[in-house]
Amino acid sequence: MSMAPGRRDLLRLLTAAPLAATALGTAGPARAATAPSTTALSATRAAVPAVAPGIEKPLPGDVFTIRGTNAETRFPALSHTGNLTPASLFFVRNHTRSPILDENDWRLTVWGGGLRGGPVHFGYGELRSMPSVTRTAVIECAGNGRSLFTTQQGEEVSGTSWTMGAIGAARWRGVRLRDVLHRAGLTSAAVDVMPRGLDDDFVTGGENLGRVRRPLPVAKALDDVILAYEMNGEPLPYDHGFPVRVVVPAWIGIASVKWVGDIEVSDTPLASPWNTRFYRLFGPGHPPGGSAPLTRQTIKSALELPWEERVPAGTPLRLTGRAWSAAAPIRRVDVSTDGGARWHPARLHDAPRRHGWTRWSAEWTPRSAGPATLLSRATDLRGNVQPVRAAHNTQGYLFDAVVRHPVTVV
Ligand SMILES: Nc1nc2c(c(=O)[nH]1)N[C@H]1C(S)=C(S)[C@@H](COP(=O)(O)O)O[C@H]1N2
Ligand SMILES: [Mo]
């Protein structure tokens, strides 16, 4: 089912010639040799394209911070965007590298003991001809905000040092996973389904964990999950799962498997390293074997302002940002410009909505020169409010605390 490496590299050359250099493991002359600083955001930054091994799309330095095989969206870059994140600004989280697949060679195999028979195959054209749905959903990494466990709470965590930009919102079009499962002969005995990506095996610490895959309970699979082939009205870009990815609304990003090649449907519970070792809460305060596998994302808000921005005293400033919650639409956002002593309601620019984010703004005239700390605190319609502190866990998942954003008034 997967293509031989030679063929894949050839396709890569043919379809993405100017960007193929990283895929072949050589430094291409057209690409910058060094990535920009991966430290805190800074107001002065050249728009130098950076290189992340295995990412196909351009990664301008004023839009992305490269973190290993991943690219984080700089929050200030979102201030020019609306409710949807253009694919060119959407963060990329790759365990290995983006495979370049050909939709004509691609097919989806659905198999396992939870089906009447099988395996059953679906071609790209076949999926495209099935009834489609379009829905807005954010994809947000479970580790979004992870670095703040350390910088804000003084706690040690492992994993990619995201700030707040491992998130994007898009309009996804595709078929309901439910329809595909029913066509494949789903039985009432099925308990878990496990989509698996066609990207390379993930090798960590010398151990091969196989291809990215994570079980999904049948109840969620039959609810609102889609097999998406379009993002914001265009075919999926290579980096975001072309030709087809899973989109699991409200759940942590790992559930939304990119480049899906097969889906196991099982009548017994399934396991993979992505629901046993990773994506549970470990550490003091959590059960010895870790919490239950993580499902839903949490609540957050962030300013579209460079970290440690210098702002002039006496000049009115419009602070803008975004807030989002996987549990319910955002009801309010409060802002403090004095380190959390006094709070004022921000103005919301989007009607309360499920599965998207809410833009907000607040006016501020900085008074006295010196360091200041800006905070925003989101509340959703279920009454979830961002706490002062996020619950520590060794892998730094589900950071939800109010972010303390440093600026200097000059
Ligand atoms: N096949 C495959 N699917 C994957 C991943 C991956 O590395 N391989 N990364 C996951 C993780 S951890 C996240 S957060 C999201 C990121 O989606 P994006 O790169 O489109 O933003 O994809 C998920 N799906
Ligand atoms: Mo992730």
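Up top is the structure these notes are about.
Here the structure is a predicted model, which means the values were calculated and not measured. (Residues numbered from 1 in each chain as written. Chains lettered and ligands numbered in written order. Predicted model: local features only at pLDDT ≥ 70, side-chain atom pairs only at ≥ 80, totals over all residues. Heavy atoms only, no water.)

Caption draft 1: A look at the packing of aromatic side chains. Under the definition given, this model contains 13 aromatic pairs. Measuring from ring centre to ring centre gives 6.1 Å for phenylalanine 90 and tryptophan 172, while their planes differ by 85°; the resulting arrangement is edge-to-face. Within this pair, whereas phenylalanine 90 is found in the loop between strand S2 (70–73) and strand S3 (107–111), its partner tryptophan 172 is found in strand S6 (residues 167–176), the two being separated by 82 residues in sequence. Judged by its relative accessible area of 1%, phenylalanine 90 falls in the buried class. When its relative accessible area of 0% is taken as the criterion, tryptophan 172 is described as buried. When the ring of tyrosine 238 is compared with that of phenylalanine 242, the centres are 5.7 Å apart and the planes differ by 85°; the resulting orientation is edge-to-face. Look at phenylalanine 242 and you get buried, because its relative accessible area is 9%. These aromatic residues form a ring-pair network of at least three members: Phe90, Phe91, Trp162 and Trp172. (Phe/Tyr/Trp six-rings, centres within 6.5 Å; stacked < 30°, edge-to-face > 60°. Helix = DSSP H or I, 4+ residues; strand = E, 2+ residues; numbered from the N terminus. Buried < 20%, exposed > 50% of the residue type's maximum accessible area, 1.4 Å probe, protein only.)

Caption draft 2: Local environment of the pairing of S6. For S6, the tally of buried residues reaches 7 of 10 residues, placing the bulk of the element in the interior. Of the strand pairs in this sheet, strand S5 (residues 133–140) and S6 are connected by 8 bridges, and their pairing is antiparallel. For threonine 136, the partnering residue across the bridge sits in S6 and is arginine 171. Alignment of S6 against strand S11 (residues 226–231), held across 5 bridges, turns out to be antiparallel. Across the sheet, the residue bridging to arginine 176 is isoleucine 226, located in S11. (Pairing = 2+ DSSP bridges.)

Caption draft 3: Expanded view of unusual backbone geometry. In this chain, glycine 118 is followed by proline 119 through a cis amide linkage whose omega measures 0°. Of note, proline 119 is situated in the loop between S3 and strand S4 (120–123). Between phenylalanine 242 and the following residue, proline 243, the backbone shows a cis peptide bond with an omega angle of 5°. Following the sequence through the fold, proline 243 ends up in the loop between strand S12 (234–235) and strand S13 (245–247). Notably, alanine 250 is not glycine yet its phi reads approximately 75°, a positive angle. Considering the arrangement of structural elements, one finds alanine 250 in the loop between S13 and strand S14 (260–266). The buried category is assigned to alanine 250, whose relative accessible area is 9%.

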